[in-house]
Amino acid sequence: MRPGATAQDMVRRLLDNFALQLSPQDQTAWEARGLTMYEAVTIASLIEREAVKDEERPLIASVIFNRLAAGQPLEIDATVQFGLGNAGNWWPPLTGLDLRSQPGPYNTYTIAGLPAGPISNVRKSSLEAVAYPAQTPYLYYQARCDGSGFHNFATTYEEHVANSCP
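I will try to describe carefully the structure that is included in this document. Given the structure is predicted, the values throughout are model-derived calculations rather than measurements.

## Observations regarding the side chain of glutamine 142
Part 1 of the reasoning: The topology assignment puts glutamine 142 in strand 1 (residues 140–143).
Part 2 of the reasoning: Setting aside anything within four residues of it in sequence, one finds glutamine 142 in contact with His151, Asn152, His160, Asn163 and Ser164.

## Observations regarding the nonpolar core
Part 1 of the reasoning: The biggest cluster of nonpolar side chains holds 27 residues, and the ones touching the most others in it are Trp30, Ile47, Ile64 and Val130.
Part 2 of the reasoning: Counting residues per element, the ones that place at least two in this core are helix 2 (24–32), helix 3 (37–50), helix 4 (57–70) and helix 7 (124–131).
Part 3 of the reasoning: Considering every element that reaches this core, the biggest residue donor is helix 3, with six residues.

## Focus on the state of the cysteines
Part 1 of the reasoning: Evaluation of the coordinates by the stated rule reveals one disulfide.
Part 2 of the reasoning: At a sulfur-sulfur separation of 2.1 Å, the disulfide partner of cysteine 145 is cysteine 165. Looking along the S-S bond of the cysteine 145-cysteine 165 disulfide, the torsion reads about -110°, which is the left-handed sense. One end of the pair, cysteine 145, is in the loop between strand 1 and strand 2 (151–154); the other, cysteine 165, is in the segment after helix 8 (157–162), and 20 residues separate them in sequence.
Part 3 of the reasoning: Given a relative accessible area of 40%, cysteine 165 falls into the partly exposed group.

## Observations regarding the environment of threonine 79
Part 1 of the reasoning: Take threonine 79: it is sitting in helix 5 (residues 77–84).
Part 2 of the reasoning: Spatially, the C-alpha atom of threonine 79 lies 5.6 Å from that of asparagine 107, the residues being 28 residues apart in sequence.
Part 3 of the reasoning: Excluding residues within four positions of it along the chain, threonine 79 makes contact with Leu46, Tyr106, Asn107, Thr108, Pro115 and Ile119.
Part 4 of the reasoning: Among the polar contacts listed, one links the side chain of threonine 79 to the backbone oxygen of isoleucine 76, at a separation of 2.7 Å.

## A closer look at the packing of helix 4 against helix 7
Part 1 of the reasoning: One way to put it is that helix 4 packs onto helix 7 with a least axis distance of 8 Å and a crossing angle of 45°. When the axis of helix 4 is compared with that of helix 7, the two are oblique. The interaxial crossing formed by helix 4 with helix 7 has right-handed handedness. Side by side, helix 4 and helix 7 meet where Arg57, Pro58, Ala61 and Phe65 of the first sit next to Ser125, Ser126, Ala129 and Val130 of the second.

## Description of the packing of helix 2 against helix 7
Part 1 of the reasoning: Direction vectors running N to C along helix 2 and helix 7 enclose 40°, while the axes themselves pass 8 Å from each other. Judged by the inter-axis angle, helix 2 sits oblique to helix 7. Read as a crossing pair, helix 2 and helix 7 show a hand that is left-handed. Along its contact with helix 2, which presents Asp26, Ala29 and Trp30, the element helix 7 presents Lys124, Leu127, Glu128, Val130 and Ala131.

## Quick look at unusual backbone geometry
Part 1 of the reasoning: Of note, the phi angle at glutamate 75 is positive, near 50°, even though the residue is not glycine.
Part 2 of the reasoning: In this structure, glutamate 75 sits in the loop between helix 4 and helix 5.

## So, the packing of aromatic side chains
Part 1 of the reasoning: Taken as a whole and judged by the stated rule, the model has four aromatic pairs.
Part 2 of the reasoning: With centroids separated by 5.9 Å and ring planes inclined at 65°, the aromatic side chains of tyrosine 140 and tyrosine 157 adopt a geometry described as edge-to-face. Taken together, the residues span a long stretch of sequence, with tyrosine 140 in strand 1 and tyrosine 157 in helix 8 at a distance of 17 residues.
Part 3 of the reasoning: Clustering of aromatic rings is evident, with ring pairs tying together Tyr138, Tyr141 and Phe153.
Part 4 of the reasoning: Positioned above the aromatic ring of phenylalanine 65, the side-chain terminus of arginine 33 is 4.0 Å from the ring centre.

Cut-offs applied
- Residues numbered from 1 in each chain as written.
- Predicted model: local features only at pLDDT ≥ 70, side-chain atom pairs only at ≥ 80, totals over all residues.
- Heavy atoms only, no water.
- Helix = DSSP H or I, 4+ residues; strand = E, 2+ residues; numbered from the N terminus.
- Contact = heavy atoms within 4.5 Å.
- Core = buried A, V, L, I, M, F, W, Y, C linked by side-chain atoms within 4.5 Å.
- Buried < 20%, exposed > 50% of the residue type's maximum accessible area, 1.4 Å probe, protein only.
- Disulfide = S-S within 2.5 Å.
- Polar contact = N/O pair within 3.5 Å; in protein donor to acceptor, adjacent residues only side chain to side chain.
- Axes fitted to C-alpha atoms, helices over the stretch in contact; angles between N-to-C directions.
- Parallel < 35°, antiparallel > 145°, perpendicular 65-115°, else oblique.
- Left-handed = near helix turned anticlockwise from the far one by under 90°.
- Phe/Tyr/Trp six-rings, centres within 6.5 Å; stacked < 30°, edge-to-face > 60°.
- Lys NZ or Arg CZ within 6 Å of the ring centre and 35° of its normal.

As structure tokens, this is what we get:
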């Protein structure tokens, strides 16, 4: 931004940049899934915070859609972090107690469906993952224990538990 830019200038620039990330094909795909743009961006924000590797974004999207279809809580840690975050610490570390006891419209451990709104800015690859999720039976994922940034995916809770780090 140029010196002296107003808040309105900044918002306009952000919105213009966001519009460049949208494709009519993606929007058509969201609508075919019954999603509004707001819902699609909210899901993309979850993917944005959860995925480290771009190639896993469609897999994480599939888990989100599968859990929504099954009526299961999303149980996404990043939504709880968002709800607890503040200007000094936007993404605080979580405890098991935080996951279940912090009420609010962003705690996807305690609410059904999507959180109240987006939890982060999104990039094109996350928007595309919402439009074109992988077709999988997966209901669970968690970070691998090797620090690689990749996730293990599971269909059953038993498989999910087996993927836990020691």
